[in-house]
Amino acid sequence: MSAPIDPPSAAPVRRAGRGRAREVVGELLRRPRALFGLAVIVLLVLAAILAPWIMPHDPFEQSFDGLDLMGAPLPPGGEHPLGTDLLGRDLASRLILGTRTSLIIGVVANGIAVILGAGVGITAGYAGGWTAAILMRFTDLMMAFPALLLAIVLAAIFQPSLMIVALVIAMVNWVQMSRVIYTETRSLAEREFIQVQRAIGSGPLRILGRHLLPHLLSSIIVFGTLGISTTVLLEATLSYLGVGVQPPVPSWGNIIFENQTYFSTAPWLVFFPGLLIVLLALAFNLVGDALRDILDPTLKGRH
């Protein structure tokens, strides 16, 4: 009588996953542009986490010493390394606290958009038929509206706050992810290994979780990384237009909005928050492009 065959252990799979993760991280660290992007992201995340301890002044304190004799903002230097704003508040402190606001909205809004877009795309791609038709027509309808205009309308309808702005941005940013994941899922669903799983009676959740999702994970990671830069830019735009995060809570966009009248006489009030917006968007784009090159097998060897 032959001995029973033990089922394969999941340990080799987990070890392979950890090995692949280490390989991806090592490849990122060998690319100068990706390394620069990671360094910028780490510095900004640390600034957001350590904000209460590294801010030189209270970001909400309106000080008469923060204005000159004519009532104009102070230039960078002295007690205020980046100058002061129109109300005499320390600009460096407000930018550091604004980093936390922008990153929270960027991560939360993009996370919701990724989950919603990937969920709709996978469901429509795997189910097909009327389910796919309804979900994709709804996606097309959402894509037909200009994202910025739709975000402005939604933000104007609801009372703007940190979480409302994050939800509004997520509602207009999930459609691109949904389209891409739907196309990839439809292609994978017709492959032989998926047909075999259906033939042997594997349930939809097992097929989705163990066979489709691992193949889609690289695309989800890449689009999730690239989407954060888009989210931060959209949040800054909404705040600049006055329908995003509301003062006195600082964000990079509303700092520019509040101080735009001093653009010609105190350009640092616009330059420094604008520079941070550009740096954060550039950093996530550089990391996202590197991840796409590393994880997409069709781009292997291309730089």
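Look up a bit, the structure's there.
In short, a report on the structure.

About the cut-offs
- Residues numbered from 1 in each chain as written.
- Predicted model: local features only at pLDDT ≥ 70, side-chain atom pairs only at ≥ 80, totals over all residues.
- Heavy atoms only, no water.
- Core = buried A, V, L, I, M, F, W, Y, C linked by side-chain atoms within 4.5 Å.
- Buried < 20%, exposed > 50% of the residue type's maximum accessible area, 1.4 Å probe, protein only.
- Helix = DSSP H or I, 4+ residues; strand = E, 2+ residues; numbered from the N terminus.
- Contact = heavy atoms within 4.5 Å.
- Axes fitted to C-alpha atoms, helices over the stretch in contact; angles between N-to-C directions.
- Left-handed = near helix turned anticlockwise from the far one by under 90°.
- Nonpolar A, V, L, I, M, F, W, Y, C, P; charged D, E, K, R; others polar.
- Patch = residues over 30% accessible without salt bridge, like charges linked within 9 Å, V, L, I, M, F, W, Y side chains within 5 Å.
- Areas by Shrake-Rupley, 256 points an atom, 1.4 Å probe, with all protein chains shown as cover.
- Salt bridge = Lys/Arg side-chain N within 4 Å of Asp/Glu carboxyl O.
- Expected span 1.5 Å × (residues − 1).
- Lys, Arg positive; Asp, Glu negative; His and termini not counted.
- Polar contact = N/O pair within 3.5 Å; in protein donor to acceptor, adjacent residues only side chain to side chain.
- Phe/Tyr/Trp six-rings, centres within 6.5 Å; stacked < 30°, edge-to-face > 60°.

## Some thoughts on the nonpolar core
Phase 1: One finds Leu 44, Leu 91, Leu 95, Trp 252, Leu 280 and Leu 291 to be the most contacted residues of the largest nonpolar core, which totals 32 residues.
Phase 2: Mapped by element, the contributors of at least two residues to this core are α1 (11-29), α2 (32-49), α4 (91-127), α9 (204-240), α10 (252-259) and α11 (268-295).
Phase 3: Top element by residues in this core is α11. It accounts for 14 residues.
Phase 4: Excluding its chain neighbours within four sequence positions, the residues that come into contact with Leu 280 are Leu 44, Leu 103, Val 232 and Trp 252.
Phase 5: Counting residues in hydrophobic clusters, the runner-up holds 24 residues, among them Ala 113, Val 120, Met 136 and Val 168.

## Examining the packing of α4 against α9
Helix packing for two helices is described by the angle between their axes and how far apart those axes are.
Phase 1: Interhelical geometry of α4 versus α9 gives an angle of 145° and a closest axis separation of 8 Å. The element α4 and its partner α9 pack so that their crossing is right-handed.
Phase 2: Here the residues of the contact of α4 with α9 are counted per class, giving 15 nonpolar, six polar and one charged.

## Here's the deal with a nonpolar patch on the surface
Phase 1: Among the surface-exposed residues, Val 42, Val 45, Leu 46, Ile 49, Leu 50, Trp 53 and Ile 54 lie close enough to one another that they form a single nonpolar patch of about 670 Å² accessible area.
Phase 2: If you list the elements that add at least two residues to the nonpolar patch, you get α2 and α3 (51-54).
Phase 3: The element contributing the most residues to the nonpolar patch is α2, with four residues.
Phase 4: With respect to the helices and strands, the residue Leu 46 is situated in helix α2.

## Some words on α9
Phase 1: The first and last C-alpha atoms of α9 sit only 45 Å apart over 37 residues, clearly below the 54 Å expected at 1.5 Å per residue.
Phase 2: After α9 finishes, the residue Gly 242 shows a positive phi value of roughly 90°.

## Some points on the pattern of salt bridges
Phase 1: Applying the stated rule across the entire model yields twelve salt bridges.
Phase 2: Of the charged contacts in the structure, one is a salt bridge between Arg 30 and Glu 27, with a shortest N-O distance of 2.9 Å.
Phase 3: Between Arg 292 and Asp 289 there is a salt bridge, with the nearest N and O atoms lying 3.8 Å from each other. Pair noted here: Arg 292 and Asp 289 are both in helix α11, with a separation of three residues, about one helical turn.
Phase 4: Because the salt bridges share partners, they merge into one network encompassing Glu 27, Arg 30, Arg 31, Asp 289, Arg 292 and Asp 293.

## Overview of the environment of Ala 283
Phase 1: Summarising the element assignment, Ala 283 is placed in helix α11.
Phase 2: Look at Ala 283 and you get buried, because its relative accessible area is 0%.
Phase 3: Here the alpha-carbon distance between Ala 283 and Val 40, two residues 243 residues apart in the chain, equals 6.2 Å.
Phase 4: Excluding residues within four positions of it along the chain, Ala 283 makes contact with Gly 37, Val 40 and Ile 41.

## Digging into the side chain of Asp 90
Phase 1: With respect to the helices and strands, Asp 90 occurs in the loop between α3 and α4.
Phase 2: Within the buried set, Asp 90 has no salt-bridge partner at all; the shortest N-O distance to an opposite charge, 9.0 Å, is to Arg 94.
Phase 3: At a separation of 2.9 Å, a polar atom in the side chain of Asp 90 contacts the side chain of His 80.
Phase 4: Here the side chain of Asp 90 touches Ser 93 through a polar contact of 2.7 Å, side chain to side chain.
Phase 5: When sequence neighbours within four positions are dropped, the list of residues in contact with Asp 90 reads Pro 56, His 57, Glu 79, His 80, Pro 81 and Gly 83.

## Digging into the packing of aromatic side chains
Phase 1: All told, the structure shown has three aromatic pairs when counted by the stated rule.
Phase 2: Note on Tyr 240 and Phe 257: the rings are 6.4 Å apart at their centroids and 85° apart in plane angle, and the pair reads as edge-to-face. A residue pair is termed long-range when its members are at least 10 positions apart, and Tyr 240 in helix α9 and Phe 257 in helix α10 qualify at 17 residues.
Phase 3: The interplanar angle of 65° and the centroid separation of 5.5 Å between the aromatic rings of Phe 271 and Phe 272 together place this pair among those described as edge-to-face.

## As for unusual backbone geometry
Phase 1: The peptide bond linking Pro 247 to Pro 248 adopts the cis configuration, its omega dihedral lying at 10°.
Phase 2: Looking at the secondary structure, you find Pro 248 in the loop between α9 and α10.

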